[in-house]
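Chain residues, written in single-letter form:
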Amino acid sequence: LPARSLGRVRAVPRRWWLVAVVVIALAVGAWIKFAPGSSSSNTTQITETVSRGTYKTTVSATGTITPKKDDTLSFSSSGTVTRVAVKAGDTVSKGDVLAKIDSTALQAQEDAAQAQLTAAESQLSEDSGSSSAQIDSDEASVSSATSSLAQARDAVTNATLRAPFDGVVSAVSYAVGDTVGSTGGGSNENAAASSDGSDSTTGITVISPHLLLVDADVSATDVSTVKVGMQATITPTGGGTTNYGTVTSVSSIATASDSGAAQFPVVVA
């Protein structure tokens, strides 16, 4: 009997130890399954497809719309206007006649200059065997006569104003009968003087209406976002048709606005 009793005593602790291990394992498994952070807990997943888009930021500025090409032509020779062939709004092609002055006196001056050159060349030919001093003098006469003839021919040519490129006439200040005088400048002078030296007209202006520029000023705060090649939308003051352009230059040198704030010139074509 003592031997059997001892055997039962040893068997009981072994069985409860096994049960205890199983219970602990089940408890740990339940905690893992139902714990708040468990990967087995029920969650809702939302899937969204990534797509490309454009991030747009807008910078506003005020500027002046001007033609990319414009030319104001005036007579550089003295005379009386005999013809005005265009009016504001007319479309012209390169080389078209815009206006003329009486070239009778100018043509006479050209003829006289041509005769003077012919005489100088003949004298040089006759003196071919003369001293070097005489030859030098004759050659100087030829050179001077050549220059005079060139000026006289230019004066005759400038008696007719012609369109410098295809475009539209934006302003005409000449009228038949106007007296104009030489100002010493070429066809790009902005004013022509009358015979008494006073400015009586500003000439004829031709522009390229389909090639425009906008000279705008962008604030120092916004200029860093403006780059060459960006698209621009142009709306004329007071409304009208919206046009589109491209930024062609951004100045790195600031100017001062009326209030003294820094601003940067930007050109849109």
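### Considering the overall build of the protein chain
- Tallying secondary structure elements over the protein chain gives three helices and 16 strands in all.
- Split into buried and exposed, the 269 residues of the protein chain put 25% on the buried side.
- Within the protein chain, counting contacts between residues at least 6 apart in sequence, those at least 24 apart form 67% of the total.
- In the structure as shown, the protein chain presents an accessible area of about 18,000 Å², 54% of it carried by carbon and sulfur atoms.

### Observations concerning helix H2 (residues 104–126)
- Its 23 residues give H2 an end-to-end C-alpha distance of 33 Å, which sits within 8% of 33 Å, the value for a rise of 1.5 Å per residue.
- Along H2, the residues classified as buried are Leu106, Glu110, Ala113, Leu117 and Ala120.
- Of the surrounding secondary structure, the elements contacted by the buried residues of H2 are strand E5 (97–101) and helix H3 (132–157).

### Thoughts on H3
- With 26 residues, H3 should reach 38 Å at 1.5 Å per residue; the first-to-last C-alpha distance of 37 Å fits that figure.
- Residues Ile135, Asp138, Val142, Ala145, Leu149, Ala152, Ala155 and Val156 constitute the buried set of H3.
- The inward-facing, buried residues of H3 abut H2 and strand E6 (160–162).

### A few points about the sheet that holds E6
- Ordered by their spatial adjacency, four strands build an open sheet running E6-E5-E3-E8, and the pairing between neighbours is antiparallel. Bordering the open sheet on either side are E6 and strand E8 (179–180), each of which pairs with just one other strand.
- Bridge analysis of strand E3 (residues 79–84) against E8 gives two bridges, and the strand direction is antiparallel. Residue pairing across strands places Gly79 opposite Val180, the latter belonging to E8.

### A short note on the environment of Ala254
- With respect to the secondary-structure elements, Ala254 resides in the loop between strand E14 (243–250) and strand E15 (255–256).
- Taking C-alpha positions, Ala254 is 9.2 Å from Ser219, a pair spaced 35 residues apart along the chain.
- Aside from chain neighbours lying at most four places away, what touches Ala254 is Ala262, Gln263 and Phe264.

### Things to note about the confidence of the model for the protein chain
- Predicted confidence across the protein chain gives a mean pLDDT of 81, with 77% of residues reaching 70 or more.
- Ignoring residues within four places in sequence, the model shows residues 16–23, a span with pLDDT below 50, making zero contacts including any to other chains.
- Here residues 183–201 is a poorly scored stretch, pLDDT under 50, and it has 41 contacts once near neighbours within four places are set aside; other chains count.

### Some details on the packing of H2 against H3
- Closest axis-to-axis distance for the H2/H3 pair is 8 Å, and the angle between their directions is 160 degrees. Judged by the angle between their axes, H2 and H3 are roughly antiparallel. Here the hand of the crossing between H2 and H3 comes out left-handed.
- When the residues that make up the contact of H2 with H3 are grouped by side-chain class, the tally is twelve nonpolar, eight polar and five charged.

### Description of the nonpolar core
- Counting 20 residues, the largest nonpolar core has Phe75, Val92, Leu98, Ile101, Tyr174, Ile204 and Val206 as the members making the most contacts within it.
- Elements supplying a minimum of two residues to this core: E5, H3 and strand E11 (204–207).
- When residues of this core are assigned to their parent elements, the largest contribution, three residues, is made by E5.
- If you look at the next biggest cluster of nonpolar residues, it comprises eleven residues, including Val218, Val223, Val247 and Phe264.

### Describing the pairing of E14
- Note: strand E13 (residues 231–234) against E14, four bridges, orientation antiparallel. Looking at E14, one finds that Ala232 is bridged to Gly245.
- As judged from the three bridges shared by E14 and strand E16 (residues 262–268), these two strands associate in the antiparallel manner. Residue pairing for E16: Ser249 is matched across the bridge by Val267.

### A short note on the pattern of salt bridges
- Taken as a whole, this structure holds two salt bridges when the rule is applied.
- Among the salt bridges present, the one from Asp90 reaches Lys87, with a minimum N-O distance of 3.1 Å.
- With a closest N to O distance of 3.6 Å, Arg153 and Glu110 form a salt bridge. With Arg153 in helix H3 and Glu110 in helix H2, this residue pair connects regions lying 43 residues apart in the sequence.

Scoring rules and cut-offs
Residues numbered from 1 in each chain as written. Predicted model: local features only at pLDDT ≥ 70, side-chain atom pairs only at ≥ 80, totals over all residues. Heavy atoms only, no water. Helix = DSSP H or I, 4+ residues; strand = E, 2+ residues; numbered from the N terminus. Buried < 20%, exposed > 50% of the residue type's maximum accessible area, 1.4 Å probe, protein only. Contact = heavy atoms within 4.5 Å. Areas by Shrake-Rupley, 256 points an atom, 1.4 Å probe, with all protein chains shown as cover. Expected span 1.5 Å × (residues − 1). Pairing = 2+ DSSP bridges. pLDDT = per-residue confidence, 0-100. Axes fitted to C-alpha atoms, helices over the stretch in contact; angles between N-to-C directions. Parallel < 35°, antiparallel > 145°, perpendicular 65-115°, else oblique. Left-handed = near helix turned anticlockwise from the far one by under 90°. Nonpolar A, V, L, I, M, F, W, Y, C, P; charged D, E, K, R; others polar. Core = buried A, V, L, I, M, F, W, Y, C linked by side-chain atoms within 4.5 Å. Salt bridge = Lys/Arg side-chain N within 4 Å of Asp/Glu carboxyl O.

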